[in-house]
Amino acid sequence: MWPGVGDKRIFIMLDQKLRYSSVIWLINKYPNATICEVGSGSQGIGPFIKKRIFTGVDNNFADYTDKRRKNIKNMVTVECSALRLPFENNSFDIILSLDMIEHINPDERNKIFSELIRISKKFVIVGFPCGQDAYQIDVRHKKILKKFHIKIPGWLQEHCQIKYPEKKEVNRILDDTGCRYNSFGNESITLHKIIHLIEYVTRGLPIFAQFLPTLFLKFIGAKGKKFYRLIYVIEK
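Predicted model, so just to flag it, every value in this text is computed and none were measured.

Definitions and cut-offs
- Residues numbered from 1 in each chain as written.
- Predicted model: local features only at pLDDT ≥ 70, side-chain atom pairs only at ≥ 80, totals over all residues.
- Heavy atoms only, no water.
- Pairing = 2+ DSSP bridges.
- Helix = DSSP H or I, 4+ residues; strand = E, 2+ residues; numbered from the N terminus.
- Axes fitted to C-alpha atoms, helices over the stretch in contact; angles between N-to-C directions.
- Contact = heavy atoms within 4.5 Å.
- Core = buried A, V, L, I, M, F, W, Y, C linked by side-chain atoms within 4.5 Å.
- Buried < 20%, exposed > 50% of the residue type's maximum accessible area, 1.4 Å probe, protein only.
- Parallel < 35°, antiparallel > 145°, perpendicular 65-115°, else oblique.
- Left-handed = near helix turned anticlockwise from the far one by under 90°.
- Nonpolar A, V, L, I, M, F, W, Y, C, P; charged D, E, K, R; others polar.
- Right-handed = clockwise from strand over helix to strand, strands pointing away.
- Phe/Tyr/Trp six-rings, centres within 6.5 Å; stacked < 30°, edge-to-face > 60°.

Student: So, the sheet that holds strand 3 (residues 75–79): which residues are in play, and what are the values?
Tutor: If you walk across this open sheet you meet the 7 strands as 3-2-1-4-5-7-6, and the pairing is mixed. Looking at which strands have only one partner, the edges of the open sheet turn out to be strand 3 and strand 6 (180–188). Going from strand to strand, the sheet's axes swing by 20 degrees on average, the running direction of each strand aside. Taken strand by strand, helix 3 (residues 109–118) contacts strand 1 (35–38), strand 4 (92–98), strand 5 (120–129) and strand 7 (227–235), and its axis lies near 145 degrees from that of strand 5. With respect to the sheet, helix 6 (residues 167–177) is in contact with strand 5, strand 6 and strand 7, its orientation differing from that of strand 7 by roughly 5 degrees.

Here it is as structure tokens:
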């Protein structure tokens, strides 16, 4: 077995930069805002706002391993379900949730959005793999890992078991809230395929995580008509 291939931890820097690059501008625009990230895992946005304390929420902080992992220092952890967040209304200025909604059963997504909006004062930022194209990319990824007898990580197992959110579905949910919102693509389908290719060819060498994200985002990641991930910015 190739050590680390298929393990989300190997690509932590690359994966995080690609996800957070499109939302960090809004976070930085409000340097004094309180932040809560729902579905943060043990790191979340922490590496990109090292001088700011934020609250991280997860049902566990194991990052799909067998035991709870050490959390990043600038995160205050709260272990709970996203369906029942233990905070009062308007508790945080900015609520962030990236790549969490797709792990939630479709009939519970409405409740998740309600909870995220409830505890926010100003903004809710939600991002997730969206639609059938994104789903098929991850199904293909799983098949290749299986073909080469590489352990399939838990996050990918879940991705392939639950229908991905559709833009129309989320728009309908948000229209019912009365909140203003806009959405935009993050990480083109082409880029996502290249990330998988790098994983297979290089065995996830960390050097790629340090130097490639900027080039990807400049030349590939922001281009194309189809995106792997959709980002919503919801304003109360």
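Past the structure itself, the notes keep going.
Student: Give me unusual backbone geometry: which residues, what numbers.
Tutor: Positive phi, normally seen in glycine, also occurs at Asp99, with a value near 55 degrees. Along the chain, Asp99 turns up in the loop between strand 4 and helix 3. Within the chain, Glu187 stands out as a residue other than glycine whose phi angle is a positive 70 degrees. As for its position among the elements, Glu187 is in strand 6.

Student: Just give me the short version of the nonpolar core, but keep the residues and values in it.
Tutor: Val38 and Ile234 are the most contacted members of the largest nonpolar core, which totals 30 residues. Put simply, the parts of the chain that give this core at least two residues each are strand 1, strand 4, helix 3, strand 5, helix 6 and strand 7. The element best represented in this core is helix 3, accounting for 4 residues. Excluding anything up to four places from it in sequence, Ile234 contacts Phe113, Ile117, Lys122, Phe123, Val124, Val126, Leu174, Cys179, Arg180 and Tyr181.

Student: An account of the packing of helix 3 against helix 6 is requested, with residue identities and associated values reported.
Tutor: Packing of helix 3 against helix 6 brings their axes to within 10 Å, and their N-to-C directions diverge by 45 degrees. If you check the angle between helix 3 and helix 6, you find them oblique. Taken as a pair, helix 3 and helix 6 cross one another with a handedness that is right-handed. Of helix 6, the residues touching helix 3 (which contributes Arg109, Asn110, Phe113 and Ile117) are Glu169, Val170, Ile173, Leu174 and Thr177. Looking at side-chain class alone, the contact of helix 3 with helix 6 contains 5 nonpolar, 2 polar and 2 charged residues.

Student: Account for the pairing of strand 5, with residues named and values stated.
Tutor: Burial runs high along strand 5: 8 of the 10 residues are buried. Of the strand pairs in this sheet, strand 4 and strand 5 are connected by 6 bridges, and their pairing is parallel. The residue of strand 5 that forms the bridge with Leu96 is Ile125. Chirality of the crossover, the property in question, places the unit of strand 4, helix 3 and strand 5 among those that are right-handed. Two elements, strand 5 and strand 7, share 7 bridges in a ladder whose sense is antiparallel. Across the sheet, the residue bridging to Val124 is Ile234, located in strand 7.

Student: Account for the side chain of Ser97, with residues named and values stated.
Tutor: Looking at where Ser97 falls in the secondary structure, it is placed in strand 4. Setting aside residues up to four positions removed in sequence, Ser97 forms contacts with Val38, Leu116, Ile125, Val126 and Gly127.

Student: So, the packing of aromatic side chains: which residues are in play, and what are the values?
Tutor: Under the definition given, this model contains 6 aromatic pairs. With a centroid separation of 5.6 Å and an interplanar angle of 35 degrees, the aromatic rings of Tyr20 and Phe48 are classed as tilted. Of this pair, Tyr20 sits in helix 1 (residues 12–20) while Phe48 sits in the loop between strand 1 and strand 2 (54–58), and the two are 28 residues apart along the sequence. Residue Tyr20 is classed as buried on the basis of its relative accessible area, which comes to 3%. Given the relative accessible area of 27%, Phe48 is considered partly exposed. What links up through ring pairs into an aromatic cluster is the set Phe128, Tyr181 and Tyr232.

Any link to function would need more than the numbers given here.
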